[in-house]
Amino acid sequence: MANKAIKYRLYPTTEQSIMFAKTFGCCRKVYNLMLSDKLEAYKSTGKFPMVTPAKYKTEYPFLKEVDSLALANVQLNLQAAFRNCFSRDRKKKNGFPKFKSAKHSRRSYTTNNQHGTVSLSDKSIRLPKIGAVKAVIHRRPGDEWHIKSATVSQESDGKYYASVLFEFADPVNTYVADMTNAIGLDYASDGLYVDSNGSIGSNHKYYRESQKKLAKAQRRLSRKQGSLKNETKSNNYMKQLRKVNRIHRHIANQRLDNLHKKSTEIANQYDVVCVESLNMKSMSNKGFGNGKATLDNGYGMFLSMLEYKLSDRNKYLIKADKWFPSSQICHCCGTLHPEMKDLHIRTIRCGCGLTMNRDQNAAINILTEGLRMLAEKA
Ligand SMILES: [Zn+2]
């Protein structure tokens, strides 16, 4: 079985958003109660006992008003947090579970689908205790997809989302890749990549515009009362902060959209994609002191999208060694040009007659090296 989550924007009524707020609050309350009971018990017994949300429903009757599965999931989360905290697996290892504050904790809860309690229609998503919430169903699930759970959240900009987790049988893909349908990509610090045909994959064009908007909003924020440390945050400050957060989110969405678009295009068009396995740390120093553009353009994320999209299609992503001097070799005759180490030289000129943009020459070398590696594997 395979899983896929799709995140939908929700438009709750006032009543529904009140219920969401109640549920977020109850989840936080139960989490804190369970954590504190565990800690108390540890003091006397030396063990962290199992605690369940049901225990608190008499003392706090408002807990009965909200989705009980949301509370059950809080229990599971807390148990997982304890497990991870004491895990020997370094990757999973986490800090000790902390209490959740009303101001800073994430506003979200997860509920499970029990025989249709969570369902999708054309313009809404049905949730337990909430009813049908107006939603933009920008993507329909497949016919045989089954809903497992839904996570409702409210982002820092105030918008509501439901991330719906679907389960479905793994489709069998019988496509056989055409090894001659190949392309090489070289990372470009001022865009996204240059391919072996000389095409430039750039970041979205609205990026600079959004950046300007963000800078302006941040300047405004810095003039509101509350921007200084220890200063009481005024209502106007909070209002402006929400604006800044909204722009941040917008930029992040634009960037992600663009990376998805570009990676899907390439994965649809080519069967073999050769790239340089890049060390992101060294990469942010590569270039002309424009570390900002480098870190912002999300090349690493782009590569991981390419990897799974190609693999979904039975196609190949080949990573050439990062020490392979792709930008210094003339792709025509193989002469090494150490002068190309200087990133300011944008064009490679070789005695054999080649004159070419440095990135395209590098992309062709990456393609050749990738195909060589692929042939070696086969
Ligand atoms: Zn040459």
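None of the values given here were measured: they were computed from a predicted structure.

Rules and cut-offs
Residues numbered from 1 in each chain as written. Predicted model: local features only at pLDDT ≥ 70, side-chain atom pairs only at ≥ 80, totals over all residues. Heavy atoms only, no water. Salt bridge = Lys/Arg side-chain N within 4 Å of Asp/Glu carboxyl O. Helix = DSSP H or I, 4+ residues; strand = E, 2+ residues; numbered from the N terminus. Buried < 20%, exposed > 50% of the residue type's maximum accessible area, 1.4 Å probe, protein only. Donors = N, O, S within 2.8 Å, 3.2 Å for Na, K, Ca; no water. Domains from an automatic or database assignment. Core = buried A, V, L, I, M, F, W, Y, C linked by side-chain atoms within 4.5 Å. Contact = heavy atoms within 4.5 Å.

Participant: Looking at this structure, I do not really get the pattern of salt bridges. What am I missing?
Facilitator: Pairing is possible between side chains that carry opposite charge, provided their charged atoms lie close to one another. All told, the structure shown has 12 salt bridges when counted by the stated rule. Lys315 is paired through a salt bridge with Asp271; the nearest N and O atoms lie 3.4 Å apart. Of this pair, Lys315 sits in the loop between α7 (299–312) and β12 (316–320) while Asp271 sits in the loop between α4 (235–269) and β11 (272–276), placing them 44 residues apart in sequence. Of the residues examined, Lys315 reaches a relative accessible area of 10% and is grouped as buried. Here Lys319 makes a salt bridge to Glu307, at a shortest N to O gap of 3.5 Å. With a gap of 12 residues between them, Lys319 in strand β12 and Glu307 in helix α7 connect regions that are remote in the sequence. Note on Glu307: relative accessible area 37%, which makes it partly exposed. One connected set of salt bridges, linked through shared partners, spans Lys7, Glu155 and Arg249.

Participant: What's the story with the coordination of the zinc ion in this structure? I'm lost.
Facilitator: Geometry sets the ideal angles at a metal, namely 109.5 degrees for four tetrahedral donors and 90 or 180 degrees for six octahedral donors. Summarising the metal site, the zinc ion is bound by the protein donors Cys330 (SG), Cys333 (SG), Cys350 (SG) and Cys352 (SG), whose distances to it range over 2.2 to 2.3 Å. When the donor residues of the zinc ion are listed from N- to C-terminus, their spacing reads C-x2-C-x16-C-x1-C.

Participant: What am I meant to see in the domain arrangement of the protein here?
Facilitator: Interface size is commonly expressed as the accessible area that is lost once the parts come together. Looking at the assigned domains, one finds that the protein contains domain 1 (2–168) and domain 2 (182–377). Put simply, the middle of domain 1 and the middle of domain 2, counted by C-alpha atoms, are 36 Å apart.

Participant: Would you mind showing me how to read the nonpolar core here?
Facilitator: Generally speaking, a soluble globular protein has its nonpolar side chains buried in company with each other. Counting 39 residues, the largest nonpolar core has Leu10, Phe20, Tyr109, Ile125 and Leu127 as its most contacted members. Only β1 (2–11), α1 (14–45), α2 (68–85), β4 (124–127), β5 (131–136), β6 (146–154) and β7 (160–168) provide two or more residues apiece to this core. A per-element tally of this core places α1 first, with 10 residues. Beyond its immediate chain neighbours, meaning those up to four positions away, Leu127 contacts Phe20, Tyr109, Thr111, Thr117, Val118, Val133, Ala150 and Val152. By size, the runner-up hydrophobic cluster in this structure holds 18 residues, among which are Tyr187, Leu192, Leu259 and Tyr270.

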